[in-house]
Structure formats: C-alpha cells, structure tokens
Amino acid sequence: MISLLEKQQPNRQTPERQARSGAPVIEARDLIKRFFGVTVLDQISMTLAPGEVRALLGENGAGKSTMINLLSGVHHPDGGEILMDGKPVRFATPLEADHAGISVIRQELSLFPDLSVAEAVFAGHLPTKRFGLIDWSYMREATRKALARLELSIDVRSPVASLSVAEQQMVEIARALTRQSRIVIMDEPTASLSPKEVVHLGEIIQQLSSDGVAILYVSHRLDEVRAFCETYTVLRDGKAISEGKVSETDIPSLIRDMAGRDVEIGNRGAARQAGKTILDVRNLSSKSHGRGGKMVKDVSFSMHEGEVLALAGIVGAGRTETARMIFGLDPIGGGEMYLDGEPFVPRTPGDAMRAGIGYVSEDRKDLSILPQRSVHENFVLTRPVPGKAAGRIDWSGERALLETYRDQLGIRATSLSAPIATLSGGNQQKVVLARWIARQPRVLIVDEPTRGIDVGAKEDVHDLIRKIAAEGVAILLISSDMPEVLALADRVQTLFEGRVTGEFPIADTSSEMLMERMTRHD
C-alpha cells in the first residue's frame, strides 16, 4: 500500500502548501468532555487552517470520535470552547454544524437505507424551485456528477440498501462534495475501499485542499496519513500526546505515540502448510444482479485446512456477494459447491452455520451487532457455549469464555453488561470476531476484519487469524487493505466485475501485480 500511494500521490509538503497559513477556520480550545463522570477528553486544543489537511490519530477509545462529535454538534463540551473564524460557536444540533459548513463522513455509515442515492446525498439540503417544489432533476444530476468525480457508476435512483458498504462509503463522500463545505471531517473514509479507490480519494482531498477546504482526516492507516496529510495530532486516553508536521515524523514514532509502546507491523508469521480440501466452489454465479446491480459470474476456488485464501478486488468486484452466497444470505444462481466432497447448498445462514461455516460481515452495524443489547448478549448470538440440562443457558460458562477473549483481544469495555453501542467501532468488531472464533468453525469468512480497528489491535487480530488457520480452519479473507492481504494470505484470487482474473501464491505476488489484475478482465 505504501508503495502504491507514494507512487501515485503528489508530495503534499510543497513550498506552496507550507507557506499557506492564516487565521484558523476552526479552533478547539481546551475542550473537556465527560460521560458518567469519566473524562474522555481532557483539555484538547487543535486548529485547522483553510486548505490544511490534519490527521487525527489514536487507538480505539483515545477520544477521536468524541472530538468529531464535539466539532459537529452531536455533543457539547463540558469545558473549553470551539471557535469558527475567531468567534465562539455552539451548535445545538448536527444540522446547525452542517449549515455552518462542517461536513462529516462517518466511519459508521449514516445513510437512510430506504432513500434513493440522490435523496441520501441531499438529505437535509433538498434543492427547491418555484413554489417550494423539490428540484428532482437538479438533485439527480448533481449526484451523478459527484459520483462521477469519484469514478463510481451507480443508478442514483437505487435505494441505498441495495449498495455494498464500500459503495455507501463513496456516497457518504459524495454528500460532502455536493455541499459548500468549509471543513470536511473524514472518519476512516477508506475503511472499505480498495487501493485504487484510496488513491483516487487522495486526489479528491488534494482538490478540496487546493480550494481552501480544511480537512480533518481520521485514519488508522498511517501510509495514507503520510500520503495525504500535512499536519497531525495524536490522542491517547483522552489527552493530546503529540502534534506537528507529518514530514518531520515517521510511522514508528506515530505508532509509539498512539499505543504508548512499540508495535511491530506487517509480520507474515510462519509459513503454513495447506491440508485437505474442505470447500470447493465451482462456477458460482449469482441469481440476479443483486445489490447495486452487481453480478458474480463463474467464480471457482477451493479452500483447504489451515490456509488463508484472499479475494481481492475493487468496489463492485463481487467479493462480498460471493461470500454471502456461501453463507446462505443470497440465493445461488448457478454453479456448485462441495463441502468435504458432498454437495452443499446453503439456503439460509442457519444451514451454513450447522455445516461449520462462520461469517464476519463487512457491515458491522446492520448485520453483525444488536446495538442496544449488551456486549455479553451480542457475544452469545451464535451460541458458542452449549446449554445445560433441560435447555438452561450456561451463563457462567458464557461469561468465562467472553472474559477469555476480552483479555486475548484487548476488548475495552467498562462493563460486559453495557450496550455494545457504547463501545468504539474497533472494540465492537473484536466482540464479533470473538463470537465466531468461539464456535470453532471449519470455514471462517472474514470480510474486512480490521475495518475501523487501530494499529495495535489490528496486529492482535492478525495474530489471531494466523492462530485459527494454524489450528486447521480454512479462512476466506476479503480485505481492501493490501498490506493486510499480503500479510495474512497464503493464496490470493483477484476479481473484476464478478469474474476471476487471476490466482497466485502470495509468495509470488506484489501489490502492483494484484492491482493490475483487480482492474482488468484478462
């Protein structure tokens, strides 16, 4: 990923950019925020000048989301103040902040699923013509132009619910592009994007910066920070640890500031020896054009004991659609699957689970968690602990198992009885991973397993995936993070527009080779 970004992104630290300064468009002064008596932000100060691209960094729970919520009117500070153009402001609602020129692209997608793409883009800013009538033609045309700027071709009349997570992420970005925004806050905007889309987003960021838009860029992907950002601020445990120019620091230093310790990244671990074939997929095709009009066509691969097979592709390649058919979420239109040599036709997720298949979805919010239920209740959704006699639930056994994974994965939760929605996105994902791992599946599909997870926790998850594979589980990895693919996979298969374009042992490939196969048919 680093080489791809550095090769395709211009150097942000140009003399012109360094010379650009002036009064901040927005300033946070000694912000304090408490929840239930716990201080989650402790006297944080930060500025953003017109055209500045500042990275906001920190592990899960460091206070980044709280900072975003204060700046965008979701929460109000308990101390300190926020200034725009040198004048104190206090937004009563997020809509007030939006109208003041602050756009937020959130990690947890906030689009209304039943609206059309065009309606979602203009929600809260519906254009009108004479007599107050909604200008539908303008709205659709402006949406098409914004999506074209992102090189995304989808029907703007399609419901948001029909789009993949990556496409919804692009629609969130398009929303910001249609606003007359003075400040754009991007919270993990590339979490579901492929390297090609990440590079293109970098070009959009440069254009916005050149137009004088201030950007606060929140990401755990430090190679993107190096490529896109001019300045940085690191938070840890609610305190500002460091700040400065990106050109004057390096990734190991940023990681130490974020984690408070040294963290090794990108380690492949010991080579694995694949065992017997568990799942054989032959000429798999989707029944219809499915979500967002995408079609899977004649996809074939085999999965072996103790092996990690990665599916790599850009948005719309058909990776997630393939996984959903294997897990019984979507109907199969053609082809065959064999599990241990026997025909396998999962009609429901229950069929797949009983066959020993687990699935960690890319769509954590809608498909993986029950937000208002406790951490404990979310963990036991897949019944990882057998019940006692007479069908009684083994509460103590469930609790003990969850505590084990809490320690192994570093799940940060004030209480396992608290709603899972109170956890950061990264910690929610750890609970979801623990849930499936505890079932000891034979095949585990992990779709964007480290989406929204900080660099330290990402290595914990990588180590855990390696450990699961070493115990004989066949793993299907879907990831838009190219270094993750190269670090975890034994084999990688590339897809483009629903078709297989190549398959390689990971030892014989590179980021550049994969990108070439991910963007063409032959």
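Residues numbered from 1 in each chain as written. Predicted model: local features only at pLDDT ≥ 70, side-chain atom pairs only at ≥ 80, totals over all residues. Heavy atoms only, no water.

Caption draft 1: Broad picture of the pairing of strand E20 (residues 499-505). Pairing geometry for strand E19 (residues 491-496) and E20, over six bridges, is antiparallel. When the sheet's bridge partners are listed, Phe496 is paired in E20 with Arg499. (Pairing = 2+ DSSP bridges. Helix = DSSP H or I, 4+ residues; strand = E, 2+ residues; numbered from the N terminus.)

Caption draft 2: Here's a closer look at the pairing of strand E12 (residues 299-304). Counting buried residues along E12, five of its six residues qualify, which places the element largely inside the surrounding structure. Here strand E11 (residues 277-286) runs beside E12; their pairing, made up of five bridges, is antiparallel. Bridged to Leu284 within E12 is Val299. (Buried < 20%, exposed > 50% of the residue type's maximum accessible area, 1.4 Å probe, protein only.)

Caption draft 3: Local environment of the confidence of the model for the chain. Within the chain, residue pLDDT values average 86, and 91% of them lie at 70 or more. Note on residues 1-19: pLDDT under 50 across the span, and 50 contacts to partners over four residues away in sequence or across chains. (pLDDT = per-residue confidence, 0-100. Contact = heavy atoms within 4.5 Å.)

Caption draft 4: Here's a closer look at the sheet that holds strand E14 (residues 332-339). With antiparallel pairing, the four strands of this open sheet are ordered in space as E12-E11-E14-E15. The strands lining the two open edges of the sheet, one partner per strand, are E12 and strand E15 (342-343). As paired elements, E14 and E15 share two bridges and run antiparallel to each other. Note that in E15 the partner of Leu339 across the bridge is Glu342. Packing against the sheet, helix H11 (residues 319-326) makes contact with E11, E12 and E14, and its axis sits at approximately 115° to E11. (Axes fitted to C-alpha atoms, helices over the stretch in contact; angles between N-to-C directions.)

Caption draft 5: Representation of the packing of aromatic side chains in the model. All told, the structure shown has five aromatic pairs when counted by the stated rule. Between Phe327 and Trp436, the aromatic rings sit 5.8 Å apart at their centres with planes inclined by 85°, giving edge-to-face as the arrangement. Of this pair, Phe327 sits in the loop between H11 and E14 while Trp436 sits in helix H16 (residues 425-437); the two residues are 109 residues apart in sequence, bridging distant segments of the chain. By the ring-pair criterion, three or more aromatic residues cluster together here, those being Phe327, Tyr359 and Trp436. (Phe/Tyr/Trp six-rings, centres within 6.5 Å; stacked < 30°, edge-to-face > 60°.)

Caption draft 6: Structural detail: helix H19 (residues 511-518). Restricting attention to buried positions, one finds in H19 the residues Ser511, Leu514, Met515, Arg517 and Met518. On an axial view of H19, the arc spanned by its buried residues comes to 165°, and they lie on one face. Two to three positions downstream of the cap, the backbone nitrogen of Met513 sits 3.3 Å from a side-chain oxygen, assigning the N-cap of H19 to Ser510. (Arc of directions from axis to C-beta. Polar contact = N/O pair within 3.5 Å; in protein donor to acceptor, adjacent residues only side chain to side chain.)

Caption draft 7: Representation of the nonpolar core within the structure. Counting residues in hydrophobic clusters, the biggest one holds 74 residues, and the most contacted among them are Phe301, Ile326 and Ile475. Look past the residues within four positions of Phe301 in its chain and what remains in contact with it is Leu279, Asp280, Val281, Leu309, Leu311, Thr322, Ile326, Leu476 and Gln493. Counting 52 residues, the second-largest nonpolar core is a separate cluster that includes Leu201, Ile205, Tyr217 and Cys229. (Core = buried A, V, L, I, M, F, W, Y, C linked by side-chain atoms within 4.5 Å.)

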